[in-house]
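Structure assessment
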Amino acid sequence: MSSPIITLTTDFGSRDGFVAAMKGVILNICPDATLVDISHEVPPHDIAHGAFVLGSASQFFPQGTIHLAVVDPGVGSSRHPLLLVTHNGYFVGPDNGIFSYVVLADLQRFGMSVGELHGNLEPMSTIIIPVPQACEAYILNRADYWLDEISSTFHGRDIFAPVAAHLARGIPSSTVGQELGEIKFLNIPQPVVHGDTIFGHVIFVDHFGNLITNIPTSFGIPKDVEVNIARRTIAGLSQSYSDATLGLLAIAGSHGYIEIAVRRGSAAQLLNAGVGTRLEVKFP
Amino acid sequence: MSSPIITLTTDFGSRDGFVAAMKGVILNICPDATLVDISHEVPPHDIAHGAFVLGSASQFFPQGTIHLAVVDPGVGSSRHPLLLVTHNGYFVGPDNGIFSYVVLADLQRFGMSVGELHGNLEPMSTIIIPVPQACEAYILNRADYWLDEISSTFHGRDIFAPVAAHLARGIPSSTVGQELGEIKFLNIPQPVVHGDTIFGHVIFVDHFGNLITNIPTSFGIPKDVEVNIARRTIAGLSQSYSDATLGLLAIAGSHGYIEIAVRRGSAAQLLNAGVGTRLEVKFP
Amino acid sequence: MSSPIITLTTDFGSRDGFVAAMKGVILNICPDATLVDISHEVPPHDIAHGAFVLGSASQFFPQGTIHLAVVDPGVGSSRHPLLLVTHNGYFVGPDNGIFSYVVLADLQRFGMSVGELHGNLEPMSTIIIPVPQACEAYILNRADYWLDEISSTFHGRDIFAPVAAHLARGIPSSTVGQELGEIKFLNIPQPVVHGDTIFGHVIFVDHFGNLITNIPTSFGIPKDVEVNIARRTIAGLSQSYSDATLGLLAIAGSHGYIEIAVRRGSAAQLLNAGVGTRLEVKFP
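Since this is a predicted model, take the numbers as computed values, not measurements.

The rules behind each value
- Residues numbered from 1 in each chain as written.
- Chains lettered and ligands numbered in written order.
- Predicted model: local features only at pLDDT ≥ 70, side-chain atom pairs only at ≥ 80, totals over all residues.
- Heavy atoms only, no water.
- Helix = DSSP H or I, 4+ residues; strand = E, 2+ residues; numbered from the N terminus.
- Rg over C-alpha atoms; globule rule 2.2 N^0.38 Å.
- Buried < 20%, exposed > 50% of the residue type's maximum accessible area, 1.4 Å probe, protein only.
- Contact = heavy atoms within 4.5 Å.
- Lys, Arg positive; Asp, Glu negative; His and termini not counted.
- Charge placed at Lys NZ, Arg CZ, Asp CG, Glu CD.
- Phe/Tyr/Trp six-rings, centres within 6.5 Å; stacked < 30°, edge-to-face > 60°.
- Axes fitted to C-alpha atoms, helices over the stretch in contact; angles between N-to-C directions.
- Parallel < 35°, antiparallel > 145°, perpendicular 65-115°, else oblique.
- Least-squares fit on C-alpha atoms with pLDDT ≥ 70 in both.
- Pairing = 2+ DSSP bridges.
- Buried area = accessible area lost by both parts, 1.4 Å probe.
- Salt bridge = Lys/Arg side-chain N within 4 Å of Asp/Glu carboxyl O.
- Polar contact = N/O pair within 3.5 Å; in protein donor to acceptor, adjacent residues only side chain to side chain.
- Nonpolar A, V, L, I, M, F, W, Y, C, P; charged D, E, K, R; others polar.
- Left-handed = near helix turned anticlockwise from the far one by under 90°.
- pLDDT = per-residue confidence, 0-100.
- Expected span 1.5 Å × (residues − 1).

As for the overall build of chain A
In terms of regular secondary structure, chain A is built from five helices and 17 strands. Scaling as 2.2 N^0.38, a compact globule of 284 residues should have a C-alpha radius of gyration of about 19 Å, and chain A matches this with 20 Å. Principal-axis analysis of the C-alpha atoms gives chain A an extent of 60 × 40 × 40 Å. The buried share of chain A, taken over its 284 residues, is 62%. For chain A, long-range pairs separated by at least 24 residues make up 69% of all intrachain contacts whose partners lie at least 6 apart in sequence. Taking the 15 positively charged and 25 negatively charged side chains of chain A as two groups, their mean positions are separated by 6 Å.

The following block contains the structure:
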């Protein structure tokens with residue numbers, strides 16, 4: 001049998017020993033765990049960034065992988081510590097929306113409309129939703145699976161890491177705490193179709209400065225669309241990052257969304273754009 | 001039997017192949033080692049930073065873990081290559097103070113006064129101390145456990161990594177070289193109690209800009225203390241990073257020391273403070 | 001039997017989930033792979049930097065290690081996806097010169113002159129060379145070893161990672177695709193000896209700001225040479241980074257080349273020098 005996989009996503013950076021302390025705690029409890037870093041360079045306290053990175057990467061891991069996510073500005077306050085179980089794996093972290101893209105993928109998998117979930121709220125503001133039918137959620141309140149001493153500032157080490165390690169050793173989900181009916185969710189903006197135009201938003205900016213939008217490539221967008229963003233117009237979809245003669249291009253990106261990119265440059269810089277920037281995709 | 005764990009702490013950064021070369025060397029000698037990065041973003045040549053990160057993280061690893069630490073501005077000069085064996089594990093690296101917080105924790109574990117060790121010296125200057133009773137120290141001078149060719153600039157790869165890997169394979173500590181009676185130590189400032197006031201220093205600044213002081217939470221500090229730092233006064237200890245209405249707060253931190261923090265911000269920036277900044281904690 | 005090793009070298013950075021997605025794909029196919037990061041902080045699109053880092057670190061890994069390298073500005077265009085098999089291991093990535101230092105080391109190992117390969121071209125420009133005799137090269141064109149869906153922007157995840165994982169599971173090299181006779185190569189500048197002087201270039205700048213030149217220490221350079229670089233003269237080779245009284249020094253570096261360094265500082269900054277800067281080494 002292969003060893004259980006635990007991934008880690010945090011905003012702890014790489015200068016300090018925070019992440020390593022969590023790994024030490026895990027290896028004490030589950031010595032044969034395979035540890036994989038997703039990212040520790042999530043911008044401090046940026047739950048939406050962490051949620052996107054986790055949602056994007058976690059779907060490529062084997063089913064049953066345990067994903068530990070600690071972007072946790074409310075640590076020590078009243079926010080719940082959470083275990084979310086989906087079709088894809090186990091997700092351990094604070095109940096603050098960090099699992100939003102994971103939940104979104106699960107909803108879409110079952111053909112549920114996401115639009116229904118969202119009101120007319122600020123993009124990325126926090127709302128409360130019922131736990132989707134295909135998932136289970138548990139509040140972590142059984143201290144048997146925690147470290148002996150719990151700090152008020154580092155639940156990643158004291159609560160989340162040991163619970164993840166015990167799950168990796170095979171304890172049933174239901175033993176970590178009481179089942180929850182509702183969880184926090186980020187109000188991820190959804191694209192709106194109106195006539196021959198899709199109105200969308202940038203929801204993520206990657207390391208290269210590529211702008212990832214919320215317009216799924218599965219919408220069947222033809223090659224000769226017109227994209228308007230930040231007062232620039234892009235004619236048609238490109239086939240690769242390197243085939244734009246003028247630099248700026250739109251492309252079906254690897255996250256499953258339309259991306260705006262610049263040949264060997266940063267679209268975020270060129271357009272002075274970021275998360276929340278609006279765009280329009282016009283069908284011919 | 002689970003595979004031996006080797007951690008790595010360096011100031012090598014992540015752009016180059018230095019750390020990977022060390023890992024390759026280790027895996028050549030001990031293919032089943034579990035490698036865990038503590039940090040490679042220690043600021044270049046900053047032994048005090050590396051020492052704190054290593055001391056803080058290493059205590060959460062299983063006993064017997066091998067910790068490799070290479071912040072080594074004196075590589076190729078007369079500083080000794082060192083193996084330090086403590087209650088907690090094996091520490092391999094240069095004899096330049098990089099293991100100071102590890103030694104400090106070990107001394108405190110045996111109830112020894114640290115104050116006796118320190119003179120009236122500059123904070124973080126290098127002193128020489130006898131090897132504490134519960135520890136053993138060895139100078140690495142048996143070339144059988146090194147690479148065949150030794151560069152004068154990268155002992156991490158050529159000496160420390162192979163010695164760590166041989167230890168992981170189970171060679172006795174005493175075979176790596178001759179026992180040492182004294183080691184280098186950083187003069188870590190100790191808090192001073194005077195009347196109703198504790199006088200302390202900031203000894204570390206973390207990724208979030210939180211200021212970690214040298215005042216242990218085990219001093220039994222009451223909730224209604226007054227903290228003075230950088231001409232600001234903080235009334236009382238907070239329960240979480242998010243419960244300060246005015247932003248600036250003092251809290252019992254996860255390293256076991258009082259920390260100064262700012263709600264969703266950087267205390268280091270707000271106060272223009274860093275390692276060496278003084279503070280006072282006044283009891284009511 | 002120990003688990004197969006797969007290393008990863010990319011310019012993907014650590015903020016996003018790109019690298020983790022590749023690791024998830026690998027662990028799905030080959031759950032017992034040992035994954036080792038070489039670097040993900042290669043400057044975006046900087047093939048020469050990635051090539052040096054990979055060439056430098058890969059030689060310290062066990063024979064048969066699989067090295068995955070994705071610095072791939074031409075992804076989705078006509079550049080080939082490649083498997084290169086050398087004496088040292090398996091190299092999977094785009095055919096754009098990323099394996100140049102690996103090939104160079106292999107050529108030198110067999111006593112082949114590199115000078116013959118290079119014309120009078122711009123340093124680091126891309127040329128085409130025949131696959132060296134001791135190596136094999138294959139174009140990756142058997143989609144059986146790829147993911148089911150291939151994006152046009154992330155072959156690292158969709159093609160290179162799964163091929164590497166299948167190689168780790170033991171499929172023969174020749175099954176991944178058709179053999180190639182020629183590969184891309186970076187025109188790495190070679191040192192030129194003229195009378196009592198070696199004329200060289202800086203080919204890499206490391207994390208500390210040390211300037212790595214293309215002048216091999218194996219040239220048998222005496223201790224009392226004179227080095228001229230950026231209008232400064234350095235008298236003699238130093239024994240360690242810390243023994244220069246005036247700061248600037250030349251030393252036999254750990255990559256096997258002469259390096260220019262500054263005691264506890266950055267030579268790149270002090271000299272305003274970088275890749276391509278010329279230097280002269282004068283024999284006494």
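Some words on the packing of aromatic side chains
For the structure on display, the rule yields 24 aromatic pairs over all chains. Consider the rings of B:Phe12 and C:Phe208, whose centres lie 6.2 Å apart with planes at 80°: the pair is edge-to-face. Here B:Phe12, found in the loop between strand S1 (5-10) and helix H1 (18-29), pairs with C:Phe208, found in the loop between strand S10 (197-205) and strand S11 (211-216), and the two come from separate chains. Summarising the burial analysis for this pair, B:Phe12 and C:Phe208 share the class buried. Aromatic side chains C:Phe12 and C:Phe154 sit 5.5 Å apart centroid to centroid with 90° between the ring planes, which places their arrangement in the edge-to-face category. Residue C:Phe12 is located in the loop between strand S1 (5-10) and helix H1 (18-29), and its partner C:Phe154 is located in the loop between strand S7 (136-139) and helix H4 (155-168); the two are separated by 142 residues in the primary sequence. Each of the two residues, C:Phe12 as well as C:Phe154, counts as buried.

Thoughts on the packing of helix H2 (residues 47-58) of chain B against helix H3 (residues 100-109) of chain B
Residue and element names in this part refer to chain B. Where H2 meets H3, the closest approach of the two axes is 7 Å, and the angle between their N-to-C directions is 45°. Classed by the angle they form, the pair H2 and H3 counts as oblique. Contacts from Ala 48, Ala 51, Phe 52, Leu 54, Gly 55 and Ser 58 of H2 reach H3 at Ser 100, Tyr 101 and Val 102.

Some details on the relation of the copies chain A and chain C
The pair of chain copies shares a relation made of a rotation about an axis and a shift along it. Note on the copies: chain A fits chain C at an RMSD of 0.0 Å, the axial shift is 0.0 Å, and the rotation between them is 120°. These values place the two chain copies in the arrangement generated by a three-fold rotation axis. For chain A, the minimum C-alpha distance to the rotation axis belongs to A:Thr34 and amounts to 5.2 Å.

Some words on the sheet that holds S7(C)
Through backbone hydrogen bonds, the strands of a sheet pair up, either in parallel or in antiparallel fashion. All names here are of chain C. What the six strands build is an open sheet, ordered S2-S1-S3-S5-S4-S7; its pairing is mixed. For this open sheet the edge positions go to strand S2 (34-39) and S7, each flanked by a neighbour on one side alone. Neighbour to neighbour, the strand axes of the sheet diverge by 20° on average, direction disregarded. With four bridges joining them, strand S3 (residues 65-70) and strand S5 (residues 89-94) adopt parallel strand pairing.

So, the interface of chain C and chain B
Contacts between the two partners involve 32 residues from chain C, matched on the other side by 29 residues from chain B. Both sides of the chain C and chain B interface together cover about 2,500 Å² of buried area, and 61% of this is carbon and sulfur. Between chain C and chain B we count zero salt bridges in total. Between chain C and chain B we count 10 residue pairs in polar contact (both at pLDDT 80 or more) in total. Taken together, the elements giving at least two residues each to the side of chain C that touches chain B come down to S2, helix H2 (47-58), S10 and strand S15 (248-252) of chain C. Across the side of chain C that touches chain B, the residue classes break down as 15 nonpolar, 13 polar and four charged.

Some points on the packing of H1(B) against helix H4 (residues 155-168) of chain B
Residue and element names in this part refer to chain B. As a packed pair, H1 and H4 sit with axes 8 Å apart at the nearest point and diverge in direction by 35°. Between H1 and H4 the crossing geometry is right-handed. On H4, the residues touching Ala 21, Met 22, Val 25, Ile 26 and Ile 29 of H1 are Gly 156, Arg 157, Ala 161, Pro 162, Ala 165 and His 166. Counted by class, the contact of H1 with H4 contains eight nonpolar, two polar and one charged residues.

As for the interface of chain A and chain C
A common way to state how big an interface is: give the accessible area lost once the parts meet. Counting from both sides, the interface comprises 31 residues of chain A and, opposite them, 29 residues of chain C. On the chain A side of the contact with chain C, A:Phe60, A:His207 and A:Phe208 bury the most area, a combined 27% of that side's loss. At five residues, strand S2 (residues 34-39) of chain A tops the list of elements feeding residues into the side of chain A that touches chain C. Residues of the side of chain A that touches chain C, tallied by class, amount to 15 nonpolar, 12 polar and four charged.

Thoughts on the confidence of the model for chain A
Considering every residue of chain A, the mean pLDDT works out to 92; 95% of them sit at 70 or more. In the predicted assembly, ipTM is 0.94 and pTM is 0.95.

Topic: the sheet that holds strand S4 (residues 81-85) of chain B
Residues and elements named next belong to chain B. The strand order S2-S1-S3-S5-S4-S7 describes an open sheet built from six strands, whose pairing is mixed. The strands lining the two open edges of the sheet, one partner per strand, are strand S2 (34-39) and strand S7 (136-139). Strand-to-strand twist of the sheet, defined as the mean angle between neighbouring strand axes without regard to direction, takes the value 20°. The pairing of S1 with S2 spans five bridges and is classified as parallel. Bridge pairing links Ile 6 to Leu 35 in S2. H2 rests against S1, S2, strand S3 (65-70) and strand S5 (89-94) of the sheet, and its axis sits at about 130° to S2. Packing against the sheet, H4 makes contact with S1, S3, S4 and S5, and its axis sits at approximately 175° to S3.

Things to note about H4(B)
Look at H4(B): 18 Å from first C-alpha to last across 14 residues, which is about the 20 Å you get at 1.5 Å a residue. Of all 14 residues in H4(B), 14 are buried, a share of seventy percent or more.

Here we look at the pattern of salt bridges
Residues and elements named next belong to chain A. Evaluated as defined, the whole model comprises nine salt bridges over all chains. A salt bridge links Arg 157 to Asp 158, with the shortest nitrogen-to-oxygen separation between them at 2.7 Å. Across the pair, Asp 158 and Arg 157 agree in class, each one buried.

Thoughts on the environment of C:Val262
All names here are of chain C. Following the sequence through the fold, Val 262 ends up in strand S16 (residues 257-262). Put simply, Val 262 and Leu 211 are 51 residues apart on the chain and 9.6 Å apart in space, counted from C-alpha to C-alpha. Sequence-distant contacts of Val 262, defined by excluding residues within four places in its chain, comprise Asn 210, Gly 247, Leu 248, Ala 267 and Leu 270.

Some thoughts on the pairing of S3(C)
All names here are of chain C. Here S3 lies mainly inside the structure; six of its six residues are buried. The sheet contact formed by S1 and S3 spans five bridges and is parallel. Looking at S3, one finds that Thr 7 is bridged to His 67.

Digging into the environment of A:Pro132
Residue and element names in this part refer to chain A. Its location among the elements puts Pro 132 in the loop between strand S6 (126-130) and strand S7 (136-139). Given the relative accessible area of 8%, Pro 132 is considered buried. Along the primary structure Pro 132 and Val 103 are separated by 29 residues, whereas in three dimensions their C-alpha atoms are 7.7 Å apart. When sequence neighbours within four positions are dropped, the list of residues in contact with Pro 132 reads Val 103 and Leu 107.

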